[in-house]
Amino acid sequence: MTEMKFIADVMLGRLAKWLRILGYDTAYRRNIRDAELIRLSLAESRMILTRDTRLIKKRGLKNYLFIIDDQFVAQLKQMVSALHMSYPKNTFSRCILCNEPLLSFSKDAACNIVPEYVCKTEDIFGRCPKCNRIYWKGTHYKEMERILRELFG
Ligand SMILES: [Zn+2]
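Residues numbered from 1 in each chain as written. Predicted model: local features only at pLDDT ≥ 70, side-chain atom pairs only at ≥ 80, totals over all residues.

**Here we look at the overall build of the protein chain**
Step number 1: For the protein chain, the count of helices and strands is seven helices and seven strands.
Step number 2: Mapped from its N terminus to its C terminus, the protein chain presents α and β elements in the order β-α-β-α-β-α-β-α-β-α-α-β-β-α.
Step number 3: Here the C-alpha coordinates of the protein chain stretch approximately 55 × 35 × 30 Å along the principal axes.
Step number 4: For the protein chain, the proportion of its 153 residues judged to be buried stands at 23%.
Step number 5: Sequence-distant contacts in the protein chain: of pairs separated by 6 or more residues, those separated by 24 or more amount to 50%. (Helix = DSSP H or I, 4+ residues; strand = E, 2+ residues; numbered from the N terminus. Buried ≥ 20, exposed ≤ 12 C-beta atoms within 10 Å, placed from the backbone. Contact = placed C-beta atoms within 7 Å.)

**Some words on the domain arrangement of the protein chain**
Step number 1: Domains assigned within the protein chain are domain 1 (5-82) and domain 2 (100-136).
Step number 2: Measuring from the centre of the C-alpha atoms in domain 1 to the corresponding centre in domain 2 gives 29 Å. (Domains from an automatic or database assignment.)

**Some details on the sheet that holds strand S5 (residues 103-105)**
Step number 1: Here we have three strands laid out as an open sheet, ordered S5-S6-S7, and antiparallel in their pairing. Single-partner strands in this sheet number two, and they are S5 and strand S7 (134-135). (Pairing = 2+ DSSP bridges.)

**Comments concerning unusual backbone geometry**
Step number 1: A positive phi angle, close to 60 degrees, is found at Phe92, a residue other than glycine.
Step number 2: On the basis of neighbour counts, which here come to 19 C-beta atoms within 10 Å, the residue Phe92 falls in the partly exposed class.
Step number 3: The backbone of Asn132 shows a phi angle near 70 degrees, a positive value even though the residue is not glycine.
Step number 4: Its place among the elements puts Asn132 in the loop between strand S6 (125-127) and S7.

**Re the packing of helix H1 (residues 13-21) against helix H4 (residues 72-82)**
Step number 1: Packing of H1 against H4 leaves a shortest axis separation of 9 Å and a crossing angle of 60 degrees. If you check the angle between H1 and H4, you find them oblique. As H1 packs across H4, the resulting crossing turns out to be right-handed. Counted together, Arg14, Leu15 and Trp18 of H1 and Phe72, Gln75 and Leu76 of H4 form the full contact between these two elements.
Step number 2: Across the contact of H1 with H4, the residue classes break down as four nonpolar, one polar and one charged. (Axes fitted to C-alpha atoms, helices over the stretch in contact; angles between N-to-C directions. Parallel < 35°, antiparallel > 145°, perpendicular 65-115°, else oblique. Left-handed = near helix turned anticlockwise from the far one by under 90°. Nonpolar A, V, L, I, M, F, W, Y, C, P; charged D, E, K, R; others polar.)

**Some thoughts on the nonpolar core**
Step number 1: Core analysis: the biggest nonpolar cluster contains 19 residues, and Ala8, Leu15, Leu19 and Leu49 have the highest contact counts within it.
Step number 2: Going through the elements one at a time, strand S1 (5-8), H1, strand S3 (47-50) and H4 are the ones with two or more residues in this core.
Step number 3: In this structure Ala8 touches Leu15, Ala16, Thr26, Tyr28 and Leu49, once residues within four positions along its chain are discounted.
Step number 4: By size, the runner-up hydrophobic cluster in this structure holds five residues, among which are Leu102, Phe125, Cys128 and Tyr135. (Core = buried A, V, L, I, M, F, W, Y, C linked by C-beta atoms within 7 Å.)

Below, the structure written as structure tokens:
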């Protein structure tokens, strides 16, 4: 099975961010129009994640999941169950802001940029090739581990 790809509607920014943290290719734009959302879904084989029943009915969507809850952990739980998602293999591999896969970044180079305490406590860094943001296992990582336990036990 090929890896699942998603596109989230404007109401699902937090869910999109967390799907990226878990490693899923998830398109999201804050101001996207319905027509563009659907175009991208078709062009890039992305499942539409939406809280908008009007969109589903009006456009006769096929490749979509209607997200029931408005809280992101419950939303993730629904996805895991509805889409039979297994434990993600590529967690922390994408930029939270751009969705780009991260490139590895040497500790030496990172230590020129990140705060000193981060340099002292972290060994593995990643860099987004699009926005150049540097990633390490910080607070998001701890929260991610907690959420993964909630999702998969
Ligand atoms: Zn980025």
